[in-house]
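Chain and residue survey
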Amino acid sequence: MTRRPGRLAWRSDRGSSLIAFAGAAPILFLLIGVIAVGARVALADDSITGVAASAARDASIARDPAQAEQLALSSATATLKAQGLHCMQTRVRVDTSGFHAPTGTVASIRVSVRCVVSFADIALPGLPGSHTL
């Protein structure tokens with residue numbers, strides 16, 4: 001094949017799609033990681049709300065504040081374990097001020113559950129190591 005002056009030689013496009021994919025792959029993996037983290041946070045947040053409601057329900061049947069705190073803590077721990085939510089740190093706070101209300105008045109028990117979820121298994125640069133719910 002002779003080459004004419006002023007014209008470029010014909011070049012093959014083989015391999016160009018592989019190079020384009022190699023350039024887009026890190027962005028694709030980052031996007032998948034962000035979606036995984038977002039889904040984990042959303043599911044864990046819904047689970048924590050259910051755990052707190054369950055703990056408050058169990059604490060409301062107690063006879064005294066100490067028993068209410070014990071029931072709320074054991075209920076929250078059992079529900080977290082049953083739902084498969086692995087918290088690095090868990091804190092359960094029980095507001096038992098409703099036990100001091102006069103008999104015959106409406107009272108309530110409030111339970112707040114704090115859970116620190118780890119993202120150690122999703123290794124992405126710039127991603128925080130944990131999130132508090």
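Reading the values: the criteria
Residues numbered from 1 in each chain as written. Predicted model: local features only at pLDDT ≥ 70, side-chain atom pairs only at ≥ 80, totals over all residues. Heavy atoms only, no water. Pairing = 2+ DSSP bridges. Helix = DSSP H or I, 4+ residues; strand = E, 2+ residues; numbered from the N terminus. Axes fitted to C-alpha atoms, helices over the stretch in contact; angles between N-to-C directions. Contact = heavy atoms within 4.5 Å. 1 Å grid on protein atoms, 1.4 Å probe; cavity = no way out; pocket = protein on both sides within 12 Å on 5 of 7 lines; lining within 4 Å. Points joined across faces, edges and corners; volume = space filled by probe spheres on them. Patch = residues over 30% accessible without salt bridge, like charges linked within 9 Å, V, L, I, M, F, W, Y side chains within 5 Å. Areas by Shrake-Rupley, 256 points an atom, 1.4 Å probe, with all protein chains shown as cover. Salt bridge = Lys/Arg side-chain N within 4 Å of Asp/Glu carboxyl O. Disulfide = S-S within 2.5 Å. Buried < 20%, exposed > 50% of the residue type's maximum accessible area, 1.4 Å probe, protein only. Expected span 1.5 Å × (residues − 1). pLDDT = per-residue confidence, 0-100.

A short note on the sheet that holds strand β1 (residues 87–95)
Taken together, three strands build an open sheet; the order of strands is β1-β2-β3 and the sheet is antiparallel. Across the chains shown, the open sheet's two edge strands, defined by having one partner strand only, are β1 and β3 (130–132). On average, adjacent strands in this sheet sit at an angle of 10 degrees to one another, irrespective of strand direction. Sheet analysis places β1 next to strand β2 (residues 110–118), joined by eight bridges and oriented antiparallel. Across the sheet, the residue bridging to Val94 is Val111, located in β2. Docked against the sheet, helix α2 (residues 65–83) engages β1 and β2, running at close to 150 degrees with respect to β1.

Describing the layout of surface pockets
Here the second largest pocket defines a volume of roughly 160 Å³. Surrounding the second largest pocket, Arg40, Leu43, Ala44, Ser47, Gln83, Gly84, Leu85, His86, Val117 and Ser118 form its lining. Listed by contribution, the elements that provide at least two residues to the lining of the second largest pocket are α1 (16–59) and β2. Per element, the largest residue contribution to the lining of the second largest pocket is four residues, and it comes from α1.

Quick look at a nonpolar patch on the surface
Together, Phe21, Leu28, Phe29 and Ile32 give the surface a local cluster of nonpolar side chains, amounting to about 430 Å² of exposed area. As for its placement among the helices and strands, Phe21 is situated in helix α1.

Concerning the environment of Arg93
Looking at the secondary structure, you find Arg93 in strand β1. Leaving out residues up to four positions away in the same chain, Arg93 has contacts with Arg110, Val111 and Ser112.

Regarding the side chain of Thr96
In this fold, Thr96 is placed in the loop between β1 and β2. Residues within four places of Thr96 in sequence aside, it is in contact with Pro65, Ala68, Glu69 and Ile109.

Comments concerning the state of the cysteines
Tallying each qualifying case throughout the model produces one disulfide. Disulfide pairing places Cys87 opposite Cys115 at an S-S distance of 1.8 Å. With the S-S dihedral at roughly -105 degrees, the linkage between Cys87 and Cys115 falls on the left-handed side. Taken together, the residues Cys87 in strand β1 and Cys115 in strand β2 connect sequence positions 28 residues apart. Overall, Cys115 belongs to the buried group, its relative accessible area being 0%.

Quick word on α2
With 19 residues, α2 should cover 27 Å at 1.5 Å per step; its first-to-last C-alpha distance of 27 Å lies within 8% of that length. Following α2 by one or two positions, Gly84 has its phi on the positive side, about 75 degrees.

Things to note about the confidence of the model for the chain
Counting all residues, the mean pLDDT for the chain is 80, and 82% of those residues have values of 70 or more. Mean pLDDT across the elements of the chain ranges from a minimum in β3, with 79, to a maximum in α2, with 90.

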